[in-house]
Amino acid sequence: MRVGAICLLTMGIGTVFITNSVFGESSLIEIDSTFCKVHQSACSALKNQDIGSSRGGKNTKIHVLVNERMQMINVVLTGGQVHDSEKAIELFERITLKGKTVLADRAFSSEKIRNYIEKEGGKVCIPDKRNYKIQHDFDKEMYKKRSIVERFFQRIKNYRHIATRYDKLAECFLNFVFLAASAIHF
């Protein structure tokens, strides 16, 4: 598993930290994940490079937090078989949730995630799964803004290198995710 600690980019030219002074304060945080197919040339004998198997073949999953300006706040790479909600708390641990609203889809509706967000002082805007006995209230108008994270994924996947992973090393692929996330704002 490779983690981008509040957007840490290392590409031979040094290290760039993107902090809240660059992002500015935002009151809305969205979390989601997406699959990236892995090209056959990237599947090597190297172990622990965040390449997993699922029904669709070899995949890497990108888990991200974005703000309302479609700026990536935090990112984690995992194998494709890892469920969306397994890395949620790990993503949240690196940021301050106090006074922020967290938007997510039904995959993140577990009590563990809800309790963590509320304990940290954040507001939860996550619909429950339909089969849950206890249905929590959520702001349906606010939830409509969740399209921001979906548009973020669509824009970074416009880059061929992100839509299909060609890199054998997870660190190299993660650097291209950072590059694509910064390039969509220019």
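Residues numbered from 1 in each chain as written. Predicted model: local features only at pLDDT ≥ 70, side-chain atom pairs only at ≥ 80, totals over all residues. Heavy atoms only, no water.

### Quick word on the overall build of the chain
Then, in step 1: What the chain contains, in helices and strands, is seven helices and ten strands.
Then, in step 2: Within the chain, buried positions represent 45% of all 186 residues.
Then, in step 3: Pairs at least 24 apart in sequence give 61% of the contacts found in the chain among residues at least 6 apart.
Then, in step 4: Summed over all atoms, the accessible surface of the chain reaches about 9900 Å², with 53% contributed by carbon and sulfur. (Helix = DSSP H or I, 4+ residues; strand = E, 2+ residues; numbered from the N terminus. Buried < 20%, exposed > 50% of the residue type's maximum accessible area, 1.4 Å probe, protein only. Contact = heavy atoms within 4.5 Å. Areas by Shrake-Rupley, 256 points an atom, 1.4 Å probe, with all protein chains shown as cover.)

### Concerning helix α7 (residues 170-183)
Then, in step 1: Helix length check: α7 (14 residues) gives 20 Å between terminal C-alpha atoms against 20 Å at 1.5 Å per residue, within 8%.
Then, in step 2: Turning to α7, its buried residues are Ala170, Phe173, Leu174, Asn175, Val177, Phe178, Ala180 and Ala181. (Expected span 1.5 Å × (residues − 1).)

### Quick look at the pairing of strand β4 (residues 28-38)
Then, in step 1: Most of β4 sits out of view: nine of its eleven residues are buried.
Then, in step 2: One ladder, built from three bridges, connects β4 with strand β8 (residues 101-103); its direction is parallel. Bridging across to β8, Glu30 finds its partner in Leu103.
Then, in step 3: When β4 meets strand β6 (residues 57-67), the two strands line up antiparallel, connected through nine bridges. Residue pairing for β6: Glu30 is matched across the bridge by Val66. (Pairing = 2+ DSSP bridges.)

### Focus: helix α3 (residues 111-119)
Then, in step 1: Within α3 the residues assigned to the buried category are Ile113, Arg114, Tyr116 and Ile117. End-on, the buried residues of α3 take up no more than an arc of 165°, which puts them together on one face. Across from the buried face of α3, at angles greater than 90 degrees, the exposed residues are Lys112 and Lys119.
Then, in step 2: Taken together, the buried residues of α3 touch α2 (88-92), β8 and β9 (123-125).
Then, in step 3: One or two residues past the end of α3 sits Gly121, with phi positive at roughly 95°. (Arc of directions from axis to C-beta.)

### Points about the pattern of salt bridges
Then, in step 1: For the structure on display, the rule yields seven salt bridges.
Then, in step 2: Of the charged contacts, one joins Arg114 and Asp128 as a salt bridge, the two residues approaching to 3.0 Å between their closest N and O atoms. Of this pair, Arg114 sits in helix α3 while Asp128 sits in the loop between β9 and α4 (140-143); the two residues are 14 residues apart in sequence, bridging distant segments of the chain. Across the pair, Asp128 and Arg114 agree in class, each one buried.
Then, in step 3: For Glu150, the salt bridge goes to Arg146, with nearest N and O atoms at 3.0 Å.
Then, in step 4: Relative accessible area serves as the criterion here: at 34%, Glu150 is assigned to the partly exposed category. (Salt bridge = Lys/Arg side-chain N within 4 Å of Asp/Glu carboxyl O.)

### Quick look at the packing of aromatic side chains
Then, in step 1: Applying the stated criterion across every chain yields a total of two aromatic pairs.
Then, in step 2: Plain terms: the ring middles of Phe138 and Tyr143 are 5.6 Å apart, the flat faces sit at 75° to each other, and that makes the pair edge-to-face. (Phe/Tyr/Trp six-rings, centres within 6.5 Å; stacked < 30°, edge-to-face > 60°.)

### Some thoughts on the environment of Tyr143
Then, in step 1: Its location among the elements puts Tyr143 in helix α4.
Then, in step 2: The spacing of Tyr143 and Leu103 is 40 residues in sequence and 6.5 Å in space, taken between C-alpha atoms.
Then, in step 3: Non-local contacts of Tyr143, meaning those with residues more than four positions away in its chain, are made with Leu103, Ala104, Asp105, Cys125, Pro127 and Phe138.

### Points about the nonpolar core
Nonpolar side chains tend toward joint burial in soluble globular proteins.
Then, in step 1: Membership of the largest hydrophobic core comes to 22 residues, with the highest contact counts inside it found for Ile62, Val64, Met72, Val75, Phe152 and Ile162.
Then, in step 2: Only β6, β7 (72-79), α5 (147-156) and α7 provide two or more residues apiece to this core.
Then, in step 3: In terms of residues, this core owes the most to one element, α7, which gives seven residues.
Then, in step 4: Apart from residues no more than four positions distant in its own chain, Ile162 is found in contact with Cys36, Ile62, Ile156, Lys157, Phe173, Phe176, Val177 and Ala180.
Then, in step 5: Core analysis: the second largest hydrophobic core is formed by 20 residues, Leu65, Ile73, Leu97 and Phe108 among them. (Core = buried A, V, L, I, M, F, W, Y, C linked by side-chain atoms within 4.5 Å.)

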